[in-house]
Amino acid sequence: MTIFEQVSKDIIEAMKAKDKVRLQALRNIKKYFIEAKTAPGANDTLADADALKILAKLAKQGRDTAALYTEQNRPDLAEEEAAQAAVIEGYLPKQLSAEELESALREIIAAVGATSPKDMGKVMGAATKQLAGKADGKAISTKVKELLQA
């Protein structure tokens, strides 16, 4: 079962359970999935890899928005946004710990033969493909810089 099919199935379950927050988050996910499926050149398909990219983006946006609401002293909105982000994160693969991320990046650096910060582009290209959905792009970038400068 694809992620798209799973989300569609979970929408029905959320409707039956009258879970408003989950239902709203799932409908938002499905909206973005449908937009991606009907985009020019998509051939009415959505690969799980593309679905994971969309989910990661939506989860990050939700966390950022919740933080913004918290800064603006709007706990009611922050709580709802954080709850929706948690629903979205449930569809993402388990995130790598700091140690696992460092280990994976060391392997990638060795594989591409990077030796200095000038090679960051090569490492980032391989790392973002290999670690898609498993680690935040900002965390990957920060760790790669740190490792290449060492």
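How each quantity is defined
Residues numbered from 1 in each chain as written. Predicted model: local features only at pLDDT ≥ 70, side-chain atom pairs only at ≥ 80, totals over all residues. Heavy atoms only, no water. Helix = DSSP H or I, 4+ residues; strand = E, 2+ residues; numbered from the N terminus. Buried < 20%, exposed > 50% of the residue type's maximum accessible area, 1.4 Å probe, protein only. Axes fitted to C-alpha atoms, helices over the stretch in contact; angles between N-to-C directions. Parallel < 35°, antiparallel > 145°, perpendicular 65-115°, else oblique. Left-handed = near helix turned anticlockwise from the far one by under 90°. Contact = heavy atoms within 4.5 Å. Nonpolar A, V, L, I, M, F, W, Y, C, P; charged D, E, K, R; others polar. Expected span 1.5 Å × (residues − 1). Phe/Tyr/Trp six-rings, centres within 6.5 Å; stacked < 30°, edge-to-face > 60°. Lys NZ or Arg CZ within 6 Å of the ring centre and 35° of its normal. Polar contact = N/O pair within 3.5 Å; in protein donor to acceptor, adjacent residues only side chain to side chain. Salt bridge = Lys/Arg side-chain N within 4 Å of Asp/Glu carboxyl O.

### A closer look at unusual backbone geometry
Moving on, step 1. With a phi close to 55 degrees, D44 is a non-glycine residue in the positive phi region.
Moving on, step 2. Tracing the backbone shows D44 in the loop between helix 2 (20–37) and helix 3 (48–71).
Moving on, step 3. With a relative accessible area of 54%, D44 lands in the exposed category.
Moving on, step 4. The phi dihedral of N73 is positive, around 60 degrees, even though this residue is not glycine.
Moving on, step 5. In this structure, N73 sits in the loop between helix 3 and helix 4 (75–89).
Moving on, step 6. The exposed category is assigned to N73, whose relative accessible area is 64%.

### Structural notes on the packing of helix 5 (residues 98–112) against helix 6 (residues 120–130)
Moving on, step 1. Following both chains from N to C, one finds helix 5 and helix 6 inclined at 130 degrees, their axes separated by 9 Å at the closest point. Relative to helix 6, the element helix 5 is oriented oblique. Note that helix 5 runs across helix 6; the crossing there is right-handed. Mapping the contact onto sequence places L105, I108, I109 and V112 in helix 5 and K122, V123, A126, A127 and Q130 in helix 6.
Moving on, step 2. When its residues are assigned to classes, the contact of helix 5 with helix 6 shows seven nonpolar, one polar and one charged.

### As for helix 7 (residues 137–149)
Moving on, step 1. Over its 13 residues, helix 7 runs 18 Å from end to end, which matches the ideal 18 Å to within 8%, given 1.5 Å per residue.
Moving on, step 2. Buried within helix 7 we find I140, S141, K143, V144, L147 and L148.
Moving on, step 3. Of the surrounding secondary structure, the elements contacted by the buried residues of helix 7 are helix 5 and helix 6.

### Notes on the packing of aromatic side chains
Moving on, step 1. Evaluation of the coordinates by the stated rule reveals one aromatic pair.
Moving on, step 2. Ring centres of F4 and F33 lie 6.2 Å apart, and the angle between their planes is 40 degrees; this geometry places the pair in the tilted category. One end of the pair, F4, is in helix 1 (residues 3–17); the other, F33, is in helix 2, with 29 residues separating them in the sequence.
Moving on, step 3. The cationic tip of K37 hangs over the ring face of F4; the distance from NZ or CZ to the ring centre is 4.1 Å.

### Re the environment of D136
Moving on, step 1. Mapping D136 onto the fold places it in the loop between helix 6 and helix 7.
Moving on, step 2. Separated by 40 residues in sequence, D136 and L96 place their C-alpha atoms 9.2 Å apart.
Moving on, step 3. Each residue touching D136, except ones within four places of it in the same chain, is listed here: K60 and Q95.

### What about the side chain of D119?
Moving on, step 1. Here D119 lies in the loop between helix 5 and helix 6.
Moving on, step 2. Of the polar contacts made by the side chain of D119, one reaches the backbone nitrogen of T115; its length is 2.8 Å.
Moving on, step 3. Not counting chain neighbours up to four residues away, the residues in contact with D119 comprise G113, A114 and L148.

### Concerning the pattern of salt bridges
Moving on, step 1. According to the stated counting rule, one finds 10 salt bridges in the structure shown.
Moving on, step 2. Here R74 makes a salt bridge to D76, at a shortest N to O gap of 3.3 Å.
Moving on, step 3. D76 sits in the partly exposed class, given a relative accessible area of 46%.
Moving on, step 4. K122 is the salt-bridge partner of D119, the closest N and O atoms lying 3.8 Å from each other.
Moving on, step 5. Here K122 falls in the partly exposed class, since its relative accessible area comes to 47%.

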